[in-house]
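Close look at the chain arrangement
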Amino acid sequence: MPIAYKYRPGRGPIAYDSENKEIEIFERDIKLLSQDRIYVPTPKQLNDPTESLVDDSALNTILDFIKQLSKSEASINRLKDSYVELKKTIETNGVYSLSKTPISELMWAYYANGHNGYAIIFDTDVLYKSLNGGTRYANIHAFDVDYVSSIPKINATDVMITALNLRLAAFIAAYCRL
């Protein structure tokens, strides 16, 4: 039974509910948990402005180089379309970050209102199954966060792999009723 923790600020901080009305984060948490739901914000709704920020200059350089060599722009346009699809996916999908430890001083300070909040304990297997094991939400991914000091770079291979994964997920959703 893998356990993970969601640090929360407790009373005071204001958020918005599904009707875009102001509500205390504590009240939203209690309401959602009582309904067996969670709040999954998009990267723009997170408190870190660098969340999901990537350096795509190498990709743009590669695309410009291939464009100069290519007689047909169709392949370049497909790659660009895949990249636009990747960016849209990143911008519109939610992020639900959990911690493997309940005793991180930094997490308590930053996400639990200076040690005044609380941590919600999740059995991650149960949480994943409650989200229909990925069948309802095809793009559920769990991975460790790698905090880095510089902005991650994205290249053409990243875009092609993501495009393939998105097409495969769409195929499964359309043709493989589980």
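Read on for an overview of the structure. (Residues numbered from 1 in each chain as written. Predicted model: local features only at pLDDT ≥ 70, side-chain atom pairs only at ≥ 80, totals over all residues. Heavy atoms only, no water.)

With respect to the overall build of the protein
Our working rule: Each helix is a run of H or I in the DSSP string that is no shorter than four residues. Each strand is a run of E no shorter than two, and both are numbered from the N terminus. Two residues form a contact once any of their heavy atoms are found within 4.5 Å. In short, Shrake-Rupley with a 1.4 Å probe defines the accessible areas, and a residue's cover is counted only from the protein chains shown.
Looking only at helices and strands, one finds six helices and four strands in the protein. Counted from the first residue to the last, the protein has its helices and strands arranged as β-β-β-α-α-α-α-β-α-α. Nonlocal contacts in the protein, meaning residues at least 24 apart in sequence, comprise 70% of its contacts between residues at least 6 apart. Accessible area of the protein: about 12900 Å², with a carbon and sulfur share of 56%.

Observations concerning the pattern of salt bridges
Under the convention used in this document: The rule for a salt bridge is simple: a side-chain nitrogen of Lys or Arg has to be within 4 Å of a carboxyl oxygen of Asp or Glu.
The tally for this structure, following the rule as stated, stands at five salt bridges. Glutamate 27 is the salt-bridge partner of arginine 11, the closest N and O atoms lying 2.5 Å from each other. Separated by 16 residues along the polypeptide, arginine 11 in the loop between β1 (3-8) and β2 (14-16) and glutamate 27 in helix α1 (residues 25-34) bring together distant segments of the chain. The partner of aspartate 144 in a salt bridge is lysine 100, with the nearest N and O atoms 3.0 Å apart. A residue pair is termed long-range when its members are at least 10 positions apart, and aspartate 144 in the loop between α5 (124-130) and α6 (156-175) and lysine 100 in the loop between α3 (74-92) and α4 (105-111) qualify at 44 residues. A network of salt bridges, in which partner residues are shared, links Arg11, Glu24 and Glu27.

Re the packing of aromatic side chains
Rules: In this scheme Phe, Tyr and Trp rings, the latter by its six-membered ring, pair at centre separations within 6.5 Å, and the angle between planes marks the pair as stacked below 30 degrees, edge-to-face above 60, and tilted otherwise.
All told, the structure shown has four aromatic pairs when counted by the stated rule. Ring centres 5.8 Å apart and planes at 85° place the aromatic pair phenylalanine 26 and tyrosine 118 in the edge-to-face group. In this pair, phenylalanine 26 sits in helix α1 while tyrosine 118 sits in strand β4 (residues 118-123), placing the two residues 92 residues apart along the sequence.

Digging into the side chain of arginine 28
Applicable threshold: For every residue, the accessible area obtained with a 1.4 Å probe (protein chains only) is divided by the maximum for its type, and the residue is called buried under 20%, exposed over 50%, and partly exposed between those limits. His residues and chain termini do not enter the charge count, which takes Lys and Arg as positive and Asp and Glu as negative.
Tracing the backbone through its elements, the reader meets arginine 28 in helix α1. In this structure, arginine 28 is buried with no salt-bridge partner, the nearest side chain bearing the opposite charge being aspartate 29 at 4.4 Å. Excluding residues within four positions of it along the chain, arginine 28 makes contact with Arg8, Ala15, Tyr16, Ile23 and Tyr39.

Let's talk about α1
In plain terms, the rule: Directions are taken from the helix axis to each C-beta atom, and the arc is the one they span.
Those residues of α1 that sit buried are Ile25, Arg28, Asp29 and Leu32. For α1, the angular spread of the buried residues around the axis is 100°, confining them to a single face. Close packing links the buried residues of α1 with β1, β2, β3 (22-24) and β4. Where α1 ends, the next residue or the one after it, aspartate 36, has phi of about 55°, a positive value.

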